[in-house]
Amino acid sequence: MKIEIKESESIRREYPYIGIYDGILWVLFATKNAGTVLKTNNVYWRIGEYRVDFHEDLFNPFTGSITLSND
């Protein structure tokens, strides 16, 4: 039996950063457990809503890029 374990680099959470929960909620975290909703497909949260009661440990840091433009 052969077992190979590769540990990925842990991503350091430095504020501000974008966190994603299960693909349904994107939050711009400003401080621990507090941030602004950027994207959601759930009626429970509203885009632009600021909350201080997110469970930040449930979110994965967004590692991609976002490009804004005015067309």
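Residues numbered from 1 in each chain as written. Predicted model: local features only at pLDDT ≥ 70, side-chain atom pairs only at ≥ 80, totals over all residues. Heavy atoms only, no water.

K.L.:
I'd like a rundown of unusual backbone geometry, residues and numbers included.
P.N.:
Backbone torsion omega between Y15 and P16 reads -5 degrees, so that peptide bond is classified as cis. Within the secondary structure, P16 is located in the segment before β1 (17–21). Phi is positive for D22, which is not a glycine, with a value near 50 degrees. Judged by its relative accessible area of 64%, D22 is exposed. Positive phi is not limited to glycine here, since N33 has a value of about 65 degrees. (Helix = DSSP H or I, 4+ residues; strand = E, 2+ residues; numbered from the N terminus. Buried < 20%, exposed > 50% of the residue type's maximum accessible area, 1.4 Å probe, protein only.)

K.L.:
Tell me about the packing of aromatic side chains, and please be specific about residues and values.
P.N.:
A complete count under the given rule lists eight aromatic pairs for this structure. Residues W26 and F62 carry aromatic rings whose centres are separated by 5.1 Å and whose planes lie at 45 degrees to one another, so their mutual orientation is tilted. With W26 in strand β2 (residues 25–31) and F62 in the segment after β5 (60–61), the pair connects residues that are 36 residues apart, well separated along the chain. Residue classification places W26 among the buried positions, given a relative accessible area of 19%. Through pairs of rings, three or more aromatic residues link up here, namely Y15, Y17, Y21, F29, F54 and F59. For R51, the ring lying beneath its charged end belongs to F54, and the centroid distance is 6.0 Å. (Phe/Tyr/Trp six-rings, centres within 6.5 Å; stacked < 30°, edge-to-face > 60°. Lys NZ or Arg CZ within 6 Å of the ring centre and 35° of its normal.)

Honestly, it's all geometry; don't read function into it.
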